[in-house]
Amino acid sequence: MRIVVCAKQVVDLAQIRMNRETREPILSGIPLIIGDIEKNVLEEATRIKEQHKAEVIALSIGWPQPDGTILECLGRGADRAVMLADPIFETLSSTGVATVLAKAIEKIGDYALILLGEGSTDNNSGQVGPMVAQILGLPLVSYARQLEIVEDKVRIVKGLEDCFETAEASLPVVVTVSAEINEPRIPTILDVMEASSKPQESWSLGDIEISREELEQHHSVKVLSNQYPEQTRKNILFQEELGKSVDSLLQNLVKEGVLER
Amino acid sequence: MTKVTSIVVGAGLAGLSAAYSLARDSIDVLVVERGDYPGAKNITGGRMYFLPIRSLFPELWDEAPWERHIVREVLTGVSKCSSLSIEFSNQKYNNKPYHSFTILGSRFNKWFAQKVAEKGARVINKYKVDDLILDNGKVKGIVVGGAQIEADVVIAADGTMSQIAEKAGLRGKREPQDFALGVKEVIALSPQTIEGRFRLKADEGIAQLFVGSLTKGMLGAGFLYTNRDCISLGLVLGIKDLTDCHLNVMPYELLEEFKLRPEIVPLINGGESVEYSAHVLSESGIKGMPKLFGDGILVAGDAAGMAMNMGLTVRGMEFAIASGALAAEAVRMAKKQNDFSAGALSKYQDLLKESFVWKDLNTFRHAPDVLANPRLFGEYPQLACTMMEKLMTVGEEPKKKLSTTISKELRSRLALSLLRDSFRFWRM
Amino acid sequence: MVEVNIKDKLALDTFKPAKESHLKLNQELCRGCKVRCCLFVCPARVYTMDEQSEIHIEFEACLECGTCLIACPHNAIQWNYPQGGFGVQFRYG
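Quick caveat: nothing in here was measured; it's all calculated off a predicted structure. (Residues numbered from 1 in each chain as written. Chains lettered and ligands numbered in written order. Predicted model: local features only at pLDDT ≥ 70, side-chain atom pairs only at ≥ 80, totals over all residues.)

## Quick word on the overall build of chain A
We count it as follows: By definition, any uninterrupted DSSP run of H or I lasting at least four residues is a helix, any uninterrupted run of E lasting at least two residues is a strand, and each is numbered from the N terminus. Values of the radius of gyration come from C-alpha atoms, whereas the globule rule sets the reference at 2.2 Å times the count of residues to the power 0.38. Between the buried cut of 20 or more and the exposed cut of 12 or fewer other C-beta atoms within 10 Å of a residue's own C-beta lies the partly exposed class, and all C-beta atoms are placed from the backbone.
Each helix and strand in chain A was counted, giving seven helices and 13 strands. For 261 residues, the compact-globule formula gives about 18 Å, and the C-alpha radius of gyration of chain A, at 23 Å, lies well above that figure. Referenced to the eigenvectors of the C-alpha coordinate spread, the extents of chain A come out at roughly 75 × 40 × 40 Å. Burial status across chain A gives 34% buried among its 261 residues.

## Examining the overall build of chain B
Within chain B, the secondary structure is distributed over 17 helices and 19 strands. In terms of principal-axis extent, the alpha carbons of chain B reach across some 85 × 45 × 40 Å. Across the 428 residues of chain B, 53% fall into the buried class.

## Quick notes on the interface of chain C and chain B
For clarity, the cut-off: A residue pair is marked as a contact if its C-beta atoms, positioned from the backbone, fall within 7 Å. Ten residues, namely Ala, Val, Leu, Ile, Met, Phe, Trp, Tyr, Cys and Pro, are considered nonpolar, four, namely Asp, Glu, Lys and Arg, are considered charged, and the remaining ones, Gly among them, are considered polar.
Contact with chain C, which involves 31 residues of that partner, is made by 45 residues of chain B. Of all the secondary-structure elements, those providing two or more residues to the side of chain C that touches chain B are helix 1 (6–10), helix 3 (38–41) and helix 4 (67–71) of chain C. A breakdown of the residues in the side of chain C that touches chain B according to their chemical character gives 19 nonpolar, seven polar and five charged.

## Re the nonpolar core
Keep this limit in mind: Joined through C-beta atoms within 7 Å, a set of buried Ala, Val, Leu, Ile, Met, Phe, Trp, Tyr and Cys residues constitutes a nonpolar core.
The biggest cluster of nonpolar side chains holds 216 residues, and the ones touching the most others in it are Val5 and Leu101 of chain A together with Leu298 of chain B. Ranked by residues supplied to this core, first place goes to helix 9 (residues 317–337) of chain B with twelve residues. When near neighbours in sequence (up to four residues on either side) are disregarded, Val5 of chain A contacts Val41, Leu42, Ala45, Val56, Ala58, Leu59, Cys73, Ala78 and Leu115 of chain A.

## Digging into the domain arrangement of chain A
Let me state the cut-off plainly: Domain limits in this description derive from either an automatic procedure or a database domain assignment.
On domain assignment, one finds that chain A holds domain 1 (2–216) and domain 2 (231–261). If you average the C-alpha positions of domain 1 of chain A and of domain 2 of chain A, the two centres end up 49 Å apart.

## Description of the sheet that holds strand 6 (residues 55–62) of chain A
All names here are of chain A. What counts, and what does not: For two strands to pair, DSSP has to find at least two bridges joining them. The convention used is that axes are lines fitted to C-alpha atoms, helices contributing only their stretch in contact, and that angles between N-to-C directions extend from 0 to 180 degrees.
If you walk across this open sheet you meet the nine strands as 11-10-9-12-8-1-6-7-13, and the pairing is mixed. Unpaired on one side and paired on the other, strand 11 (164–170) and strand 13 (200–203) mark the two borders of the sheet. In this sheet, neighbouring strand axes are inclined to one another by 30° on average, regardless of whether the strands run parallel or antiparallel. Inspection of the sheet shows strand 1 (residues 2–6) paired to strand 8 (residues 113–117) by three bridges, in the parallel sense. Its bridge partner being in strand 8, Ile3 is matched across the sheet by Leu113. Helix-sheet contacts for helix 3 (residues 94–108) involve strand 1, strand 6, strand 7 (80–85), strand 8 and strand 13, and the interaxial angle to strand 6 is about 145°. Contacts from helix 4 (residues 128–136) reach strand 8, strand 9 (140–150) and strand 12 (173–177), with the element oriented near 70° to strand 9.

## A look at the pairing of strand 9 (residues 138–144) of chain B
Residues and elements named next belong to chain B. Most of strand 9 sits out of view: five of its seven residues are buried. Sheet topology note: the strand 8 (residues 131–135)/strand 9 ladder contains five bridges and is antiparallel. Across the sheet, the residue bridging to Leu132 is Ile142, located in strand 9. Where strand 8 hands over to strand 9, the hairpin turn is made up of two residues, of which Asn136 adopts a positive phi near 55°. Following strand 9, the chain reverses through two residues before pairing antiparallel with strand 10 (residues 147–156); Gly145 in that reversal takes a positive phi of roughly 50°.

## So, the domain arrangement of chain B
According to the domain assignment, chain B contains domain 1 (2–67 + 103–172 + 290–354), domain 2 (177–282) and domain 3 (373–427). The distance between the C-alpha centroids of domain 1 of chain B and domain 3 of chain B comes to 46 Å.

## A word on the confidence of the model for chain B
Note the threshold: Confidence scores labelled pLDDT are given residue by residue by the predictor and lie between 0 and 100.
Mean pLDDT over chain B stands at 94; residues scoring 70 or higher make up 99%. Scoring of the predicted complex yields 0.93 for pTM and 0.97 for ipTM.

## Topic: the environment of Leu116 of chain A
All names here are of chain A. Take Leu116: it is sitting in strand 8. When the C-alpha positions of Leu116 and Val177 are compared, they lie 6.4 Å apart, and in sequence the two are 61 residues distant. Here Leu116 is in contact with Cys6, Val41, Val128, Gly129 and Thr176, once residues within four sequence places are set aside.

## Focus on unusual backbone geometry
With omega at -5°, the peptide bond leading from Trp63 of chain A into Pro64 of chain A counts as cis. Looking at where Pro64 of chain A falls in the secondary structure, it is placed in the loop between strand 6 and helix 2 (67–75). Residue Pro172 of chain A follows Leu171 of chain A across a cis peptide bond; omega there is -5°. Among the structural elements, Pro172 of chain A can be located in the loop between strand 11 and strand 12. Located in the positive-phi region is Lys216 of chain B, a residue other than glycine, with phi close to 55°. If you trace the backbone, Lys216 of chain B turns up in the loop between strand 12 (204–212) and strand 13 (220–226). Although it is not a glycine, Asn338 of chain B adopts a positive phi angle of roughly 50°.

## So, helix 1 (residues 36–51) of chain A
Cut-off, in case you're wondering: To estimate how far a helix should extend, the number of its residues minus one is multiplied by 1.5 Å.
For helix 1 of chain A, spanning 16 residues, the distance from its first C-alpha to its last is 24 Å, which sits close to the expected 22 Å at 1.5 Å a residue. Turning to helix 1 of chain A, its buried residues number three or more, namely Ile37, Glu38, Lys39, Asn40, Val41, Leu42, Glu44, Ala45, Thr46 and Ile48 of chain A.

## Side note on the packing of helix 9 of chain B against helix 11 (residues 347–354) of chain B
All names here are of chain B. Applied cut-off: Each angle receives one of four descriptions, namely roughly parallel if under 35 degrees, roughly antiparallel if over 145, roughly perpendicular if within 65 to 115, and oblique otherwise. Crossings are sorted by hand: turned counterclockwise from the far helix by less than a right angle, the near helix makes the crossing left-handed, and turned clockwise it makes it right-handed.
In contact at an axis separation of 9 Å, helix 9 and helix 11 are set at 140° when each is read in the N-to-C sense. One finds that helix 9 runs oblique with respect to helix 11. When the axes of helix 9 and helix 11 are compared, the crossing they make is right-handed. Taking contact as the criterion, the partners of Ser323, Leu326, Ala327, Glu329, Ala330 and Met333 in helix 9 are, on helix 11, Lys347, Tyr348, Leu351 and Leu352. Each residue belonging to the contact of helix 9 with helix 11 can be placed in one class, and the counts come to seven nonpolar, one polar and two charged.

## Side note on the packing of helix 1 (residues 13–24) of chain B against helix 9 of chain B
All names here are of chain B. Where helix 1 contacts helix 9, the two axes come as close as 7 Å, and the packing angle between them is 35°. Seen along the crossing, helix 1 lies across helix 9 with a hand that is right-handed. Of helix 9, the residues touching helix 1 (which contributes Leu13, Ala14, Gly15, Ser17, Ala18, Ser21 and Leu22) are Met317, Ala320, Ile321, Ser323, Gly324, Ala325, Ala327, Ala328, Glu329 and Val331. Its residues assigned to classes, the contact of helix 1 with helix 9 comprises eleven nonpolar, five polar and one charged.

## Focus on the environment of Lys222 of chain A
Residues and elements named next belong to chain A. Along the chain, Lys222 falls in the loop between helix 6 (212–216) and helix 7 (242–255). Judged by the 7 C-beta atoms lying within 10 Å of it, Lys222 is exposed. Sequence separation between Lys222 and Ile16 is 206 residues, and the spatial gap between their C-alpha atoms is 22 Å.

Dropping the structure here:
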């Protein structure tokens, strides 16, 4: 059984600082790392591999070249990896990403299970998984919090808002997983050392028979602004004795409409 | 079990220098770094003296991410409400090869590690070496989160608080009088603003040292270095004084007071604080060094206590780079004989003794005692400021002769100590 | 003395806290300690004292400098670096 894991390289959100004037995130110089949800995806793929005979292939597209993410995938249990790097990926919308992934998955071929995160750690649009399924004409089960392979089927428990739903689908299938599905192991240093000797392939757009012009259609989503909400603080200090201060604070909160009488 | 020839613990200056040298000689080397990226746990004051290490990796230095080369040195004595600065500039400092550079540890080591990887070394981030594999006191490898990796030799380059040197039995307990705490803030300003405020051209920088009332009588000093697009501003405080002193001030409060001094405010005005950091540094020089080698192990850089305050110059980064390279040289020789015993690795110490590292540390071996003098941080800067005030101020009263003013100040009880201390400083 | 909110200073840094503390205290030794210099030497104010005079560690804010270990007169601190990939991550250094 062949499992394809799609992994996204994201900026390290913990390192992001905000520009006080423009209220925009400062992205330059921020390390690129594998997304958090991808760790769950790889953990699940590895778990399946431990129970069934399976080969796990990591697939990542991005710019700059997602080699750190690929190494991390290999360290976390993938057997081999395919990477596509092109500046065009930097501005690609979800449909474009799904198109590229689907083409690459087709080229990898012979897949039984395609695993993705329910949404990326940075944009979290949650669209890419369903779109890949659509393009490949495969069934989709999303938000998996439990996954089991039963003969040639997957049985999945989905977390819905107020209930769980158990779904079954025949392989091949696309599954998007949520973070509740498992607790990812931290790979040992030996896993990381071994990772660099596992096979890696680097493909170009030509390798997956997709043209730049075709992809350019997918620059459809324009980001108009990306700012944090303006925070205005009144900085009122109540310095009377405690009882009085509390009263004044309450009065002010009521006046501001934060509390109601 | 996985086996490599050499393991370097820590991707700081010493470790990366060792790894670069080893990889350049095609010796199998694995660097294990506990930070998210090389430099993530490094803190520099800021300045590296370039000339002693220039010949080590000549191919690297032209593209190194230097912040600014220092063209001006300022020494400032401060009292509560006045300050006296001595400024030294030298045309030679404007010419290549530059005398010294400011660097920022995280930026620099990220770049350096990339160069090390390009030479063929493996650099693994986010893993901490928890222990050593020991066999009858011989170091046989490392333990990382339960996984073991064997090696012919381990180079401990894990910084001032080196746990690896301790685990190998090469160093004992650290004493408060031998260490200082450095606290630092990085303040972002545009390169143009920095150049305007400090009267610098592009790429030029200054280094400024402050002594006096800012440390409230504690052994210590303030420092300011200009980087490309930010300023490093900080304090170094002797840990013994910090623990003894019942001043009840926190290090960050002292730093904040320093920032609010009238000498500093106009320099950092409008700047944005972008990082706050702290680390201990070794202050005891050669006397505080651990044993530098053992069976299957070498210790380099700050882990080996190779840092020192020499009064007017604060040294460490060039010691780290040189000692890393010399450790690598010793490993290369040991590998030739296939002998990694303490005897074979003792060559490292021989190489060090022939180098500027040992010679400088040895020449200035008395510096810690001379500098651990409270008068240097309290009374003398005060005296200098008071004297200048009397010389410079014209008040309502008729002004006294210069000689009267000076001799009156010097006739105070301080005169004898000043004479004695000057002599000690002179001999240092 | 100026007042400084250390939390504001620490907010400038990136912290990736581990689940478990890398610093541990031998509370018995701490109870007998008169100096308690950990409370004022730490540049991140990791050590605080509660009303029962018990010392608490807020390891998440640790700058990993080592001052507390060197300063503690009773060797009451079991000092370690955090697990790899955790703790403070400096961007400038």
